[in-house]
Each structure stands twice: as C-alpha cells, then as structure tokens.
Amino acid sequence: MITNRYAVIGAGITGLTGAHVLLALDPDCKVTIFEKNLPGGNLQTLNVGGITVDAGPDNFITKKTHAYDLAVELGLKDRLTIPTMGTVEIFNGKDLKLFPAKTYMGIPTDANELKHSGIVSEGSIKKLQKEKKFERHQNGDVTLGELLVPRYGSETVDLLIEPIMAGIHAGTVDSLGVAATTPELLAAAVAHGSLTETLRKIISTNQSPSMSSETEKLPPFLGISGGMNSLTGKLLDSIVQSENVKILVGNQIRQVLVDSESLTNKITLIDDSEKSYEFDGVIVATDGTTAKDIFSSIDKTIADDLSGIQIANVAMVFFA
C-alpha cells in the first residue's frame, strides 16, 4: 500500500485544520507540520489581571458556518457563547464618541441613536432618515461602497461602517463585493430598496440572516468560553493522537521546489538551515508575504498575486 506524505506549512488555525482534514480523508497518510513560531497562530489566549482575554480574534462570524461546524465537530458546542459588548467609543478626528446602538456591521438603523452618539454631522443623520425612501436596487452585484455611500453618505461609511467591514473582511468598502460579503444587504436592496427595516429585524432577533435551518438559529457572532485558542488546542489534541503526524517548531520553510518533469511529481521543501524534505503534496497556510516567497520559485503569477495582498497590523492593548 502506498503511503502518501504531506507537508503543512504553518500551524495556525488554517494549517491545523488542513492537517485535520487530511487525516480524515486519508488516515494512513503521514503529515509533517512546519511552524516557525508557536502552534496556534493568531489564536492566542492570555491571562491579564486574572481575566482570560483573547490576544487575537475573540469571536467568529456565523454567516459562513465553517468555524461553527469545526467547533461542533471538535466537541466545543457547549462552550460557544454570544459575545457581550461593553462601552465602545470611536475617534471621529477630534474626540472620542460613543458608538451608536442599533447598528448592523456598523450600519446605523436609528436616526435618534446616531444623533445621540454625536459622531456624524446633521447631514449624515438626514441621509439615514431618507434611506427609507430608496427604490429597489436593480444593478446586480456592486461594491459595498457603491451600495452604502449613496444611502448613508461618506462620513457615516468612513467612521462607522468601513472600520467594521474592513476588520471582518480584510478590504476596503470599494474593493469588497456585496454578494460575497453581505448578501443579506443585496437581497434587502433588491426586494425592498431600503435596508433599514430588514436590518432592524435582524438586530431584534439577534440571528444570522443566512441561517436556513429552522433548528439551528445562530447569532451573528459567537465566541468560545475559555478563549478562541480552544479551537487550535482541540485540533492539536486531535492531530497528535495520530502516530503519523510530526510537528516541527522553529523550522521556517524558505523554498518549495516542484519536480514537474519526473513521473513522481515530488515536492521538495528547503528550510532556513538548508535541510530538505520530500513530499507528495503541500498545504501552504501562511500569511501572504511568506507564501509569496515560497511560490516565487514555483509560479511567478501566483507570487505576484500574493504580493498584492495588503496586510494591516492591529494592536491589542489590555489594562488591569
């Protein structure tokens, strides 16, 4: 029997999930995971002043159910929690202002709440009031900016909506398509014209609009009691149970070579100590910059595409 050998570059949530799936599809395969830092990637949980806090993402969206399905598969369903929000303030260029209540992904639905926050001008408040009169959208898929700026104005989009949309989807409102990111907005615009009443209903029921199952009504966001690193911890527990898995920490892969001319199609990995490894397949689960360097010797087109991915740094600050 032929035993397939696979490599996974990166032991974050993506790499560990990739290894988990490989073992499920081919239990007899051998998997080697390369991680230059600590397994877990961005999902790190810390103790600050006796309180457990997530140093990376502290919840996941349920609109796309992959994270929820993985949590359930790993036995974490009973630990899923609905995030509670404390006081949120936003800097409008001059002062800190209270983030308005009754918003959906930063989109305001109540003119009084928006006015009370003091974040935007009177003109933007009037824009929100007029949003109820928008005619049905007939232009097919558009960017978030094209859909939202005419309805709410640039000020509201820049200060309230884009920071949240960009944080979730890693892109500007002018580069993100509505159908791919928030199809519920496109559906509401096509069916009703105005988004306000649809979003109010979503907020009032506290459910993800894309859930089709009547038996599984999920809120838009879910966290995990004990920290989001429970996902990677459970994955590691599942993976290391297999004798066919090896995790190499501190090994950074700097080059991948594909022998496309031989019949074996073997893939060679070279780490930063010049040691080489041979595999039948490789999953690259790194950030875009690292992946670009890896693919530069394989496919220039892919490397060029990866080099165009913009990365924004986020600082998490905790006080106790």
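Our structure is the block above this text.
Below is a summary of the structure that appears in this document. (Residues numbered from 1 in each chain as written. Predicted model: local features only at pLDDT ≥ 70, side-chain atom pairs only at ≥ 80, totals over all residues. Heavy atoms only, no water.)

What follows deals with the pattern of salt bridges. The full count for this structure, using the stated rule, is 9 salt bridges. In this structure, the salt-bridge partner of D110 is K102, at a minimum N-O distance of 3.6 Å. Residues K266 and D280 are paired through a salt bridge, measuring 2.3 Å at the closest nitrogen-oxygen approach. With a gap of 14 residues between them, K266 in the loop between β13 (253-258) and β14 (267-271) and D280 in the loop between β15 (276-279) and β16 (281-284) connect regions that are remote in the sequence. (Salt bridge = Lys/Arg side-chain N within 4 Å of Asp/Glu carboxyl O. Helix = DSSP H or I, 4+ residues; strand = E, 2+ residues; numbered from the N terminus.)

The next subject is the pairing of β14. Counting buried positions along β14 yields 4 of 5 residues, so the element is predominantly enclosed. Where β13 and β14 come together, 5 bridges link them in antiparallel fashion. Bridge pairing in β14 links I253 to D271. Connecting β14 to the next strand, β15, in antiparallel fashion are 4 residues, including E274 with a positive phi near 70°. (Buried < 20%, exposed > 50% of the residue type's maximum accessible area, 1.4 Å probe, protein only. Pairing = 2+ DSSP bridges.)

Relative orientation of the contacting elements helix α1 (residues 13-25) and helix α9 (residues 229-240) amounts to 35°, with a least axis distance of 10 Å. Note that α1 runs across α9; the crossing there is left-handed. Contact residues: I13, L16, T17, A19, H20 and L23 in α1; L231, T232, L235, L236, S238 and I239 in α9. Per-class residue counts for the contact of α1 with α9 are 8 nonpolar, 4 polar and no charged. (Axes fitted to C-alpha atoms, helices over the stretch in contact; angles between N-to-C directions. Left-handed = near helix turned anticlockwise from the far one by under 90°. Contact = heavy atoms within 4.5 Å. Nonpolar A, V, L, I, M, F, W, Y, C, P; charged D, E, K, R; others polar.)

It is worth spelling out the sheet that holds strand β1 (residues 5-9) at this point. Reading across the sheet, the 4 strands line up as β12-β2-β1-β16 and stay open at both edges, with parallel pairing between neighbours. Since the sheet does not close on itself, it has two edges, and those belong to β12 (245-249) and β16, each with one partner. Between one strand axis and the next, the sheet turns through 15° on average, direction left out of account. Relative to β12, strand β2 (residues 30-35) runs parallel, the two sharing 5 bridges. In the sheet register, F34 faces β12, and the bridge partner there is L248.

Next up on the list: the pairing of β1. Counting buried residues along β1, 4 of its 5 residues qualify, which places the element largely inside the surrounding structure. Crossover handedness for the path β1 to α1 to β2: right-handed. Bridge analysis of β1 against β16 gives 4 bridges, and the strand direction is parallel. Each residue of the ladder has a partner; that of V8, found in β16, is I283. (Right-handed = clockwise from strand over helix to strand, strands pointing away.)

Moving on, we get to the sheet that holds strand β5 (residues 60-61). Spatially, 3 strands are ordered β5-β11-β6 in an open sheet, and the strand pairing comes out antiparallel. Every interior strand has two partners, whereas the edge strands, β5 and β6 (80-81), have only one. One ladder, built from 2 bridges, connects β5 with strand β11 (residues 221-224); its direction is antiparallel. Bridge pairing links I61 to F221 in β11.

Further remarks concern the packing of aromatic side chains. Evaluation of the coordinates by the stated rule reveals 2 aromatic pairs. A centroid spacing of 4.9 Å and a plane angle of 70° characterise the contact between F34 and Y277, whose relative ring orientation is edge-to-face. You can see F34 sitting in strand β2 and its partner Y277 sitting in strand β15, a full 243 residues away along the chain. Y277 matches F34 in its accessibility class, with the two residues each being buried. Seen in terms of ring centroids, F34 and F279 are 6.1 Å apart; in terms of plane orientation they differ by 90°. Their pairing is edge-to-face. Of this pair, F34 sits in strand β2 while F279 sits in strand β15, and the two are 245 residues apart along the sequence. Of the two residues, F34 and F279, neither departs from the other in class, the shared state being buried. (Phe/Tyr/Trp six-rings, centres within 6.5 Å; stacked < 30°, edge-to-face > 60°.)

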